[in-house]
Amino acid sequence: MKKSTWYRDLLVMLAALCVAGVAVVWVQRITGRIDGVAMLIFMLAVFVTSMYTDGYLWGVLASLASVLAVNFAFFTPYFAFNFPLPENLFSGLVMLAVSIMTSTLTTRVKKQEQLRMETEREKMRANLLRAVSHDLRTPLTAISGYLQLLQGQDLPPDTRRDLEQIDNRTQAMKRLTEELFRYSVVVSEETL
């Protein structure tokens, strides 16, 4: 994992958890209660973390941090850990499941997008090769035609030899452009 990606993912996770903490405190001040709301808000933070980070690590860490934060700050006894409560264990498992499912889906979507981009690049390459081979074939055909006209004339041996060399090189170029064209057709068919 690149260091910049790791740093960005860490910031996303911390920001989501901090916003969730502030939101729970805000809801508590407005309504006077936080029964069940704290866990839902932190679950949303886990979802956001899993959605906007790479891999599974950050979603799992956000799940663990959320369970600890909710257990410590928003369930009685306040500012003390009380893990044996079934709702704490269940909510932790639900958050973990949400983070794993979200991370799996976003990883698949990112891979599909990468595959689509690679396919688009291959199509562009094939189109470029097709255009280049076509643009090269046109003048080569004209040169070949003029060479045939000149070779039919009564010319000195040196000029005839020079024309044969030009014709050989022109034919080699035509074969190369035909190979480029065939390759572009194969690449186009593979990307469909």
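Since the model is a prediction, treat every value here as computed from it, not as a measurement.

(A) Structural detail: the packing of helix H1 (residues 3-31) against helix H2 (residues 37-52). Two numbers describe how H1 lies on H2: the axes approach to 9 Å, and their chain directions differ by 160 degrees. Between H1 and H2, the angle falls in the class roughly antiparallel. As for the relative orientation of H1 and H2, their crossing is right-handed in sense. Within the contact between the two elements, H1 uses Arg8, Asp9, Val12, Met13, Ala16, Leu17, Ala20, Gly21, Ala23, Val24 and Val27 and H2 uses Val37, Ala38, Ile41, Phe42, Ala45, Val48, Thr49 and Tyr52. By residue class, the composition of the contact of H1 with H2 is 15 nonpolar, 2 polar and 2 charged.

(B) View of the environment of Thr141. Looking at the secondary structure, you find Thr141 in helix H4 (residues 86-151). With 29 residues separating them in the primary sequence, Thr141 and Thr170 have C-alpha atoms 8.6 Å apart. From its side chain, Thr141 meets the backbone oxygen of Arg137 in a polar contact 2.8 Å long.

(C) Up close: the confidence of the model for the protein. For the protein, the average pLDDT comes to 84, and 93% of its residues sit at 70 or higher. The least confident element of the protein, judged by mean pLDDT, is helix H3 (residues 57-74) at 83; the most confident is H1 at 90.

(D) Fine view of the pattern of salt bridges. On inspection of all chains with the given rule, the structure shows 7 salt bridges. Across the pair Asp9 and Arg8 runs a salt bridge, and its minimum N-O distance is 2.9 Å. By relative accessible area, Asp9 is classed as buried at 0%. We classify Arg8 as partly exposed; its relative accessible area is 37%. Taking the shortest distance from any N to any O, the salt bridge between Lys110 and Asp54 comes out at 2.6 Å. Here Lys110 is found in helix H4, whereas its partner Asp54 is found in the loop between H2 and H3, with 56 residues between them in sequence. Residue classification places Lys110 among the partly exposed residues on the basis of a relative accessible area of 38%. Shared partners join several salt bridges into a network, and the residues in it are Arg8, Asp9, Asp54 and Lys110.

Thresholds applied
Residues numbered from 1 in each chain as written. Predicted model: local features only at pLDDT ≥ 70, side-chain atom pairs only at ≥ 80, totals over all residues. Heavy atoms only, no water. Axes fitted to C-alpha atoms, helices over the stretch in contact; angles between N-to-C directions. Helix = DSSP H or I, 4+ residues; strand = E, 2+ residues; numbered from the N terminus. Parallel < 35°, antiparallel > 145°, perpendicular 65-115°, else oblique. Left-handed = near helix turned anticlockwise from the far one by under 90°. Contact = heavy atoms within 4.5 Å. Nonpolar A, V, L, I, M, F, W, Y, C, P; charged D, E, K, R; others polar. Polar contact = N/O pair within 3.5 Å; in protein donor to acceptor, adjacent residues only side chain to side chain. pLDDT = per-residue confidence, 0-100. Salt bridge = Lys/Arg side-chain N within 4 Å of Asp/Glu carboxyl O. Buried < 20%, exposed > 50% of the residue type's maximum accessible area, 1.4 Å probe, protein only.

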